[in-house]
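Listed here are the chains, written in short residue letters.
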Amino acid sequence: MGRHPELLPTPRTPAGREGLAALLARPDRAVVALDFDGTLADIVPDPEQARAHPDAVPALAALAPKVASVAVITGRPAGVAVRHGGFAGVPGLDHLVVLGHYGAERWDAVTGTVHAPAPHPGVAAVRAELPGVLHEFGAWHGTWVEEKGQALAVHTRRAEDPQAAFESLRGPLGELAARHGLIVEPGRLVLELRPPGMDKGVALAEYVREMDAESVLYAGDDLGDLAAFATVEKLRAEGPDGIPGLLVCSGSAEVPELAERADLLLPGPAAVVGFLADLARHAQPR
């Protein structure tokens, strides 16, 4: 039996139910923040082939005019997320914001431009040494390096034993990153080497403050989204001045750590997009 389009799922926690109620009561003061890969787009073996779910843009275009802001917060470069999402030039998404590289980059639909810092010098050094490290540890075959400009990501999903390759590389890549002032961000069969100082939690907290939001929804699927979950939990815990929030986990099979902390579990991008479309129908316009 399919999901009734007019019924919103009920969060399993009191805090989540309070967050959803606050969003629906004052959508014009709510920030809706979303991860990209695994949340708006299905996970695929080649990240370059990832695209937003076909219904994602229509759902966001219906929801965005009713809330304070929709923000996509991703580890990808902002421009790549915009292209793969099909977000540019869409009526209704005039004020969409994409915070790329965990918030280090920002694309605003209203200007259509990306603002980004200069690359960390450690990224170039790691780029030069990475092939040798992968060869030394017998991990060159089956791994794939994604060039992200401000970071590099080593994917093991194509390896003969993806999880074993992932685990074997965590230590060596952590040492390589540390030598050059970078950190390693683990994900779903991917290890990203990137500059420290920004994560999805920092990016979300700064954006919620910028928008002076009264409620926040965050949806993600991966370990990198734990920092954003922690930010929402902190905002909710700030006593009478706290900000209600709803935590949504897209899928739960690969990242149980995220699912355990979520208020609402949805089985993947199609369900997330359907939930956003239903939110748009329930939220009253500004």
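Structure shown above.
A brief structural summary. What you see is a predicted model; the values in this text were computed from it and never measured.

## A look at the sheet that holds strand 2 (residues 69-73)
Read across the open sheet, the eight strands follow the order 5-4-3-2-1-10-11-12; overall the sheet is mixed. Only two strands of the sheet have a single partner each, and these edge strands are strand 5 (113-115) and strand 12 (264-266). Within the sheet, the average angular offset between the axes of one strand and its neighbour, ignoring direction, is 20°. Pairing of strand 4 (residues 105-108) with strand 5, which is carried by three bridges, proceeds in the antiparallel orientation. Bridge assignment links Arg106 to a residue of strand 5, and that residue is His115.

## Re the packing of helix 6 (residues 200-211) against helix 7 (residues 226-236)
Running from amino to carboxyl end, helix 6 crosses helix 7 at an angle of 40°, the nearest separation of the two axes being 6 Å. Overall, the two elements helix 6 and helix 7 adopt an arrangement that is oblique. Read as a crossing pair, helix 6 and helix 7 show a hand that is right-handed. Touching Lys200, Gly201, Val202, Leu204, Ala205 and Val208 of helix 6 are Ala227, Ala228, Thr231, Val232 and Leu235, all from helix 7. Of the residues contributing to the contact of helix 6 with helix 7, the split by class is eight nonpolar, two polar and one charged.

## Things to note about the sheet that holds strand 6 (residues 144-147)
Pairing in this open sheet of four strands is antiparallel, and the strands run 6-7-9-8 from one edge to the other. A single partner strand is all that each edge strand has here, and the edge strands are strand 6 and strand 8 (183-186). Across the sheet, the mean angle from the axis of one strand to that of its neighbour is 25°, orientation sign disregarded. Inspection of the sheet shows strand 8 paired to strand 9 (residues 190-194) by four bridges, in the antiparallel sense. Residue pairing for strand 9: Pro186 is matched across the bridge by Leu191. Where helix 4 (residues 121-136) meets the sheet, its contacts fall on strand 6, strand 7 (152-155) and strand 9, and the angle it forms with strand 7 comes to roughly 20°. Across the sheet, helix 5 (residues 162-179) touches strand 7, strand 8 and strand 9, and the angle it forms with strand 9 is around 5°.

## Topic: the packing of aromatic side chains
One pass over the full model with this rule turns up two aromatic pairs. Ring centres of Tyr218 and Phe229 lie 6.2 Å apart, and the angle between their planes is 85°; this geometry places the pair in the edge-to-face category. Separated by eleven residues along the polypeptide, Tyr218 in strand 10 (residues 215-220) and Phe229 in helix 7 bring together distant segments of the chain. The exposure classification of Tyr218 matches that of Phe229, with both residues buried. Here the guanidinium or amino end of Arg194 rests over the ring plane of Tyr102, the centre of that ring lying 4.0 Å away.

## Here we look at the environment of Glu257
Structurally, the position occupied by Glu257 is in helix 8 (residues 256-261). Owing to a relative accessible area of 40%, Glu257 belongs among the partly exposed residues under this scheme. C-alpha separation for the pair Glu257 and Asp222, spaced 35 residues apart in sequence, amounts to 8.8 Å. Setting aside residues no more than four positions away along its own chain, Glu257 makes contact with Leu223 and Leu226.

## Digging into the pairing of strand 9
Most of strand 9 sits inside the fold, with five of its five residues counted as buried. Here strand 7 pairs with strand 9 via four bridges, running antiparallel. The residue bridging Leu152 from the neighbouring strand is Leu193, located in strand 9. Connecting the antiparallel pair strand 8 and strand 9 is a turn made up of three residues, with Leu189 showing a positive phi of about 60°.

## Examining the environment of Leu20
Relative to the helices and strands, Leu20 is located in helix 1 (residues 14-25). Taking the C-alpha atoms as reference, Leu20 lies 40 Å from Leu173; in sequence the two are 153 residues apart.

## Re the nonpolar core
Ranked by size, the top nonpolar core spans 43 residues in total, and within it Phe87, Leu217, Phe275 and Leu276 carry the most contacts. Here the element with the most residues in this core is helix 9 (residues 269-282); it accounts for eight residues. Discounting chain neighbours no more than four positions away, the residues touching Phe275 are Leu8, Pro9, Leu20, Leu217, Leu246, Val248, Leu264 and Leu266. With 24 residues, the next largest nonpolar core counts Tyr207, Leu247, Ala259 and Ala262 among its residues.

Scoring rules and cut-offs
Residues numbered from 1 in each chain as written. Predicted model: local features only at pLDDT ≥ 70, side-chain atom pairs only at ≥ 80, totals over all residues. Heavy atoms only, no water. Pairing = 2+ DSSP bridges. Helix = DSSP H or I, 4+ residues; strand = E, 2+ residues; numbered from the N terminus. Axes fitted to C-alpha atoms, helices over the stretch in contact; angles between N-to-C directions. Parallel < 35°, antiparallel > 145°, perpendicular 65-115°, else oblique. Left-handed = near helix turned anticlockwise from the far one by under 90°. Contact = heavy atoms within 4.5 Å. Nonpolar A, V, L, I, M, F, W, Y, C, P; charged D, E, K, R; others polar. Phe/Tyr/Trp six-rings, centres within 6.5 Å; stacked < 30°, edge-to-face > 60°. Buried < 20%, exposed > 50% of the residue type's maximum accessible area, 1.4 Å probe, protein only. Lys NZ or Arg CZ within 6 Å of the ring centre and 35° of its normal. Core = buried A, V, L, I, M, F, W, Y, C linked by side-chain atoms within 4.5 Å.

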